[in-house]
Each structure stands twice: as structure tokens, then as C-alpha cells.
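Observations on the three-dimensional arrangement
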Amino acid sequence: MSKIIFYMHAGSGNHGCEAIVNSVCRMLNSPVAVITNSVEEDNTYSLKGMCQLIPERKFAEHKIAHILYYLYRKVTGDGESFIRYRYGRVFGREMSPLAVSIGGDNYCYDIMVKDLMLANHAFNQKGTRTILLGCSIEPELLNNPAIVEDMNRYHTIITRESITYEALRTVLKNTTALHLYPDPAFTLGIKELPLPQGFVEGNTAGVNISPMIQDNEKEAGVTMAGYRALIQYIIDTTDMSVALIPHVVWERNDDRKPLKELYDTFAHTGRVVLISDCSCEELKGFISRCRMFIGARTHATIAAYSSLVPTLVVGYSVKARGIAKDLFGTDEHYVIPVQTLKSEEDLIKAFHWLQQEEEKMRMQLASVMPEYCNRALQTGKEVEKLWAELN
């Protein structure tokens, strides 16, 4: 196949996934084929016409095949057979010489690690070089010898923040294969849709919450209680509007559900608007017109940072800490780990700090962002360089 393969793309209903593929495709001159979990989602948003979209084969849609492959794997121990079936449309005689694992934070989720390892090995067995692109990995994961072996199987690893970079430096046999470039989505374009009534450009606090951070909270219900208290604080003590902005809209993991709860609580004030689902570039258009941003989804906060919008991150993993550390020299105050939330007052205290640091943060982002985005473009150059060597 004469195209660079992108794999582990979960679909554009996660607009962070969409933003990564969109941004990297725009960096490349070479043709790209994306193996996707949802062609329908990708065609709905910005990826349509940008690259070739190849649907994964799903056992849920072919139950007999599932049974046969399961029996085959039980007899032979060939775990990669499931991967070869899933990616069967590119595992042919004319294999691409290069496959890029495109899901930056996939190694942060236990449920995905086994498939990531199997896919990396399966591609390598076929003679295809692999790249792990824009990744964040919890350093503790690298205590697992199998994960270390998997990391050393990639031809190239591009980390998006320094915590992951430093951790990988200690376990890779060939550190020349390791690079530190900012997340490609820092270069994502902006499309501005008309603002809804009540969204005051330059004087609106953007707010994003996700079921994911609710799942990681230690105190049951503290996240939603904190967000409600925060919005009430903004309404009571400032003249700002509040825009509730989703960034993942999968049925199983839909930001719109908790955001709708918040909207219903505060709609009567006339100061709160709920942004509808749209493409990653259009969502960035809304985020870029906020005065400040409080967000849970990594790529929603990347959209804010790259638009010079002072941002508070409600995070749960290394990716949030690492990106903030690289931008500001520390993640303290800039990232509020959801696991540390104890009461509904915690987010108000964090937002009060954001108010005090607003102009300083905006100036820091304006200072570092041009070079930061320029370095993000190196991701595309690294992929193109290897592609040229293999062809």
C-alpha cells in the first residue's frame, strides 16, 4: 500500500482524536490512509476528503468470524490474529512500509494497552516500521518489562510532553529514536461559527467537563458539585458569561450529559449557554473567543492554550501535568488533579488563582506559543523523513 497508515484512531466523535489526525494530515505531503473505528463519525466532521478512511473490521458485526478466531487463538496462542482481522484491509500482500499509532494517550488506559502491544508487534512481524506519535505514558507503566519491550519495538517515538520523554529515555535502547515535540493539535486551525446569544466574545468563561474525570474522582459527586459551585461563583462575582463546551460526544462517554445537567441548573440566569456538537476546528473557534477556560478534556485545553486563552485544567493523568509543566515551568495551580478534589470549594479556589494570574498567563502563552507550535510541526517532518527513507 503506497500510503502511510494511521491506526488506533477511535473516531472523530472524540474531537481530540479528530484534532490529532486533522493536524498531522495537514503537516504531510504524502498520502495517508486512516484505519478508523468509525468512518461515519470521520465523515461527519473535518476528516472527510482529507485522507483515505478505512473501516476496521469488527467482530461484533461478524459473530461467526469472532467464534472462529477465538477458537483459533485458543488452540494456537496467536493473540495477534485478532489484530490481523481488525486491520485486515491493510494486512495484505502490499503492506505499507510505515504505520503510525495515532492515539496520543492510548497507553494511559489499561483497557487499550494489550491491543497496542499486539498491533505494534503484528505490524513489525510484517516488516512494517511503526511510529508512536504524540504519546503520553505514565512513568509507572514502564516498570512492566513487557511494556518496555513494546516501546523498544517502535522505530520512532514522538512524545508530547517532557515527563513521558524523560521516563522513556531511561528504558529505550536507542534514544535517538525518541523525540519531544508538542502535541500536533497545537497547530489545529480555527473555524468561527456565529456565536449563540449570550456568548460575549472576550468576556466568557469556557467550561468543559467529562465523564472521564467523574470516573477518576475519589469523593463521589465532588466534581459536579465543584463545577456547580464554580459557575455560581462566576455568576455572582463577575460579569462574565459561561459557555459549556463539549469535546467528546460518544454515547458511552459523552460530555454533553454532565454539561446539560449544568445548563439546566443555570439556564434561568441568562448567563449560561450550551455549545452544540461540531468539528474540532469549530469547537476551537468557540474556545478561542473565551476570556478564560476551565477544561477536563486534554484537547479542549490544547485548543485554549494555543489560542492564548488562560486555562485551568481539571486533569487525571500525566498528559495534563506534562503539557502544563512544559508551557509554564510547573503544573502546580495550572492543573487540578481530579483525585485531589475534596469539596465543592476547591474549584472556586483554583479559579480565584486563575483570575489573579490571568494576564500573566496570557502573556506567557503569547511568549512561548509561536515557537511551541513551530516545534509541533516537527512531528510531520519526522514522519515524512522516515517515509522517504522507506520508499
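Residues numbered from 1 in each chain as written. Predicted model: local features only at pLDDT ≥ 70, side-chain atom pairs only at ≥ 80, totals over all residues. Heavy atoms only, no water.

For the rest of this paragraph, the subject is helix H11 (residues 280–287). Judged by how many residues are buried, H11 sits mostly within the fold: seven of eight residues are covered. Taken together, the buried positions of H11 are Cys280, Glu281, Leu283, Lys284, Gly285, Phe286 and Ile287. Buried residues belonging to H11 abut helix H1 (15–27), strand E13 (292–295) and helix H12 (298–306). (Buried < 20%, exposed > 50% of the residue type's maximum accessible area, 1.4 Å probe, protein only. Helix = DSSP H or I, 4+ residues; strand = E, 2+ residues; numbered from the N terminus. Contact = heavy atoms within 4.5 Å.)

Moving on: the nonpolar core. Counting residues in hydrophobic clusters, the biggest one holds 59 residues, and the most contacted among them are Phe186, Tyr227, Ile294, Tyr305, Leu327 and Phe351. With eleven residues, the top contributor of residues to this core is helix H14 (residues 345–376). Discounting residues that sit within four places of it in the chain, Tyr227 has contacts with Val207, Asn208, Ile209, Ile213, Leu262, Ile294, Gly295, Ala296, Val314 and Leu347. Val113, Leu116, Val171 and Leu172 belong to the second-largest nonpolar core, a separate cluster that totals 35 residues. (Core = buried A, V, L, I, M, F, W, Y, C linked by side-chain atoms within 4.5 Å.)

Turning to unusual backbone geometry, a few remarks are in order. Of note, the phi angle at Leu308 is positive, near 65°, even though the residue is not glycine. With relative accessibility at 30%, the residue Leu308 sits in the partly exposed group.

Here we come to the pattern of salt bridges. The full count for this structure, using the stated rule, is 17 salt bridges. Between Arg321 and Glu138 there is a salt bridge whose closest N-O contact spans 3.8 Å. With Arg321 in helix H13 (residues 318–328) and Glu138 in the loop between strand E5 (129–135) and helix H6 (145–153), this residue pair connects regions lying 183 residues apart in the sequence. Arg153 serves as the salt-bridge partner of Asp150, at 4.0 Å between the closest nitrogen and oxygen. You can see Asp150 and its partner Arg153 sitting in helix H6, three residues apart, about one turn around the helix. Among the residues examined, Asp150 registers a relative accessible area of 0% and is labelled buried. Its relative accessible area of 22% is what places Arg153 among the partly exposed residues. Here the salt bridges share partners, and the residues they tie into one network are Arg291, Glu358, Glu359 and Arg362. (Salt bridge = Lys/Arg side-chain N within 4 Å of Asp/Glu carboxyl O.)

Note on aromatic pairs: each is described by the distance of the centres and the angle between the planes. The full count for this structure, using the stated rule, is ten aromatic pairs. On the basis of an interplanar angle of 35° and a centroid distance of 4.8 Å, the ring pair of Phe91 and Phe123 is categorised as tilted. Of this pair, Phe91 sits in the loop between helix H4 (81–86) and strand E4 (98–101) while Phe123 sits in helix H5 (residues 110–125), and the two are 32 residues apart along the sequence. The exposure class of Phe91 is buried, given its relative accessible area of 12%. Under the relative-accessibility criterion, Phe123 is labelled buried at 2%. Feature note: the residues Tyr7, Tyr87, Phe91 and Phe123 constitute an aromatic cluster, connected by ring pairs. The lysine or arginine in question, Arg252, covers the ring of Trp250, its NZ or CZ lying 4.3 Å from the ring centre. (Phe/Tyr/Trp six-rings, centres within 6.5 Å; stacked < 30°, edge-to-face > 60°. Lys NZ or Arg CZ within 6 Å of the ring centre and 35° of its normal.)

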